[in-house]
Amino acid sequence: MTWLRKLLPPPGPLRGYSVISLVAAIGTGAFVTGSAAFFINYVGLSAGQVGAGLTAAGLAGLVASVPAGVLGDRFGHQRVLIVLNLVRAAGFAGYLLAGSFWSFFALVTVIALADCSESPNRRAYLSAISSKEDRVRANAYNRTVFNIGFALGSAGAGVVLALRDPRLYALLAVACAAAYAVSTLVLLRLPAARVPVAAGQAAPRAALRNAPFMAMALVAGAVYMHTQLLNVGLPLWVLQRTSAPPSLLAALMISNTVLVIVLQVRLSRGADTVGGSAQLSRRAGFALLGGCLLWGLSSGRPALPTAILLFAGMLLITLGEIYCSAANWGLSYALAPEHAQGEYLGAWSLAVQFMQALGPVLFAMPLLGLGLPAWLGIGALFAVAGLATVPLSAWSQQRLAVPESVLEPAPARS
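What counts as what
Residues numbered from 1 in each chain as written. Predicted model: local features only at pLDDT ≥ 70, side-chain atom pairs only at ≥ 80, totals over all residues. Heavy atoms only, no water. Helix = DSSP H or I, 4+ residues; strand = E, 2+ residues; numbered from the N terminus. Rg over C-alpha atoms; globule rule 2.2 N^0.38 Å. Buried < 20%, exposed > 50% of the residue type's maximum accessible area, 1.4 Å probe, protein only. Contact = heavy atoms within 4.5 Å. Areas by Shrake-Rupley, 256 points an atom, 1.4 Å probe, with all protein chains shown as cover. Lys, Arg positive; Asp, Glu negative; His and termini not counted. Charge placed at Lys NZ, Arg CZ, Asp CG, Glu CD. Axes fitted to C-alpha atoms, helices over the stretch in contact; angles between N-to-C directions. Parallel < 35°, antiparallel > 145°, perpendicular 65-115°, else oblique. Left-handed = near helix turned anticlockwise from the far one by under 90°. Nonpolar A, V, L, I, M, F, W, Y, C, P; charged D, E, K, R; others polar. Phe/Tyr/Trp six-rings, centres within 6.5 Å; stacked < 30°, edge-to-face > 60°. Expected span 1.5 Å × (residues − 1). Arc of directions from axis to C-beta. Salt bridge = Lys/Arg side-chain N within 4 Å of Asp/Glu carboxyl O.

Asks: Looking at this model, I keep getting lost on the overall build of the protein chain. Mind explaining?
Replies: Helix and strand content of the protein chain: 16 helices and zero strands. Taking 414 residues into account, the globule formula puts the C-alpha radius of gyration at 22 Å, and the protein chain, at 21 Å, falls close to it. Along the longest, intermediate and shortest principal axes, the C-alpha atoms of the protein chain span 70 × 55 × 50 Å. The proportion of buried residues among the 414 residues of the protein chain is 52%. Long-range pairs, those at least 24 residues apart, make up 84% of the contacts in the protein chain between residues at least 6 apart in sequence. When the accessible surface of the protein chain is split by element, carbon and sulfur atoms take 69% of a total near 18,000 Å². Distance between charge centres in the protein chain, computed from 26 positive and 12 negative side chains, equals 6 Å.

Right under this line is the structure:
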């Protein structure tokens, strides 16, 4: 099983955390794949209620990332992760008792808050249990394992959905709740990361007031909007503007997952420095531009040329996704002060999630209405954002070299 060992981190805490990622991803993949059927056929909600609840909960979750990161810096990221896993386990178990829109909305909001709080603490914990040189690679391993688990969970959900028995849909929520409970048990066995001595001594909201850092995070988030292109833009395009059969969409998504699993660790090299990460972001922008061009050319063609263009475009989009992920990890770690990793990673996550929220609005209607010109415009956005990463990362690195106390305004004299 040499190929499997290459996908896993070396023995130690990082490999232990990969078990958490695998288990949690299996539960997440199962529930996400069947969530629409669960909410509509088991809970009894309408599609409009599900959409409204998920959107509102997602927006509410944005406020949690920075405070949660601060809590992790103060009390330990592992402790916060344990609490968040227990909250999510209880939340998914609570779905079994949800019988109205408002009970569903309360639960989905709590879970969204926990999900957004998890990201900065998970990444800060991975940073703490690995060396500075290996923390980007640790995230690459983690993402690879997560994709494997998500695929396994999706396959399991497919079996449940194929049986077409709404009573069995409860297994999807049970699987996700059990996955987070097991993840908590594994996390308890891992070493507790040391809380930095200077934690809690940074100026309040220092990350949000750090203009170069937030500008860098927003631009990185613009490149990261390619995920919404995959989730929203591509399905609409394939189904409404091309001659490709609907089944081809599943094949495209599977090819994306397989490529990420195989290439993420290998292609993340070079992201251990600010300069290297910025170059990867620039590379991501151009790869995404190329993919957008090929997808835009796929409309109005016979089935075979359409499929070739779609798969070639997916190859470039996936390369852009891999480079973008590595660049995001490298830049956010390197540009965050060591004593406030949770807070700064939370602010970075907030900026990226904000840009993600804009994706469906920017992509859906323009692509269907304008076709190729819209694809070129979106691709140009990715390329420009990737290029802008280079000067913005240098500016943010210069700011990092200046102590925060120097940047804070002097107190007023009475």
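Asks: Even after reading the chapter, I still don't get the packing of helix α12 (residues 274–296) against helix α13 (residues 303–334), so can you show me in this structure?
Replies: For any two helices packed against each other, the geometry comes down to the angle between their axes and how far apart the axes lie. Two elements in contact, α12 and α13, have axes whose closest approach is 7 Å; the angle formed by their N-to-C orientations is 160°. For the element pair α12 / α13, the angle class is roughly antiparallel. Once α12 is placed against α13, the crossing between them reads as left-handed. Across the contact of α12 with α13, the residue classes break down as 21 nonpolar, seven polar and two charged.

Asks: Can you help me understand the packing of aromatic side chains in this one?
Replies: Two descriptors summarise a pair of aromatic rings, namely the distance from one centre to the other and the angle between the planes of the rings. Considering all chains together, one arrives at 21 aromatic pairs under this definition. Plain terms: the ring middles of F38 and F39 are 5.5 Å apart, the flat faces sit at 70° to each other, and that makes the pair edge-to-face. The exposure class of F38 is buried, given its relative accessible area of 0%. Ring geometry for F39 and F104: centres 4.9 Å apart, planes at 65°, overall edge-to-face. Taken together, the positions of F39 in helix α2 (residues 13–43) and F104 in helix α6 (residues 101–128) put the pair 65 residues apart, joining distant regions of the chain. F39 sits in the buried class, given a relative accessible area of 2%. Judged by relative accessible area, F104 falls into the buried class, the value being 0%. Cluster of aromatic residues (ring-pair linked, three or more members): F31, F38, F39, Y42, F92, Y95, F101, W102, F104, F105 and Y180.

Asks: Is there a simple way to think about unusual backbone geometry in this case?
Replies: Note: most residues except glycine have negative phi, and most peptide bonds are trans. The backbone of R164 shows a phi angle near 55°, a positive value even though the residue is not glycine. Note on placement: R164 falls in the loop between α7 (135–162) and α8 (170–188).

Asks: Can you walk me through helix α9 (residues 211–224) in this structure?
Replies: Along an α-helix, residues three or four positions apart point the same way, because every turn accommodates 3.6 residues. For α9, which comprises 14 residues, the first-to-last C-alpha distance of 20 Å matches the rise-based estimate of 20 Å (1.5 Å per residue) to within 8%. For α9, a buried count of 10 out of 14 residues is recorded, marking the element as mostly surrounded by other parts of the structure. Listed as buried for α9 are P212, F213, M214, M216, A217, V219, A220, G221, A222 and V223.

Asks: Help me understand helix α4 (residues 65–75), please; the structure alone is not making it clear to me.
Replies: Taken together, the buried positions of α4 are occupied by S65, V66, A68, G69, G72 and D73. Angular distribution of buried residues about the axis of α4 spans 165°; they occupy a single face of the element. Phi for G76, located one or two positions after α4, is positive at around 110°.

Asks: For this particular structure, what's the right way to read the pattern of salt bridges?
Replies: Think of it this way: side chains of opposite charge can pair up when their charged atoms draw near. With the rule as written, the count across this model stands at five salt bridges. In this structure, R122 engages E118 in a salt bridge whose closest nitrogen and oxygen atoms are separated by 3.0 Å. You can see R122 and its partner E118 sitting in helix α6, four residues apart, about one turn around the helix. Take R122: its relative accessible area is 17%, and that puts it in the buried class. In this structure, D165 engages R167 in a salt bridge whose closest nitrogen and oxygen atoms are separated by 3.1 Å. The class of D165 is buried, set by a relative accessible area of 19%. Given a relative accessible area of 66%, R167 falls into the exposed group.

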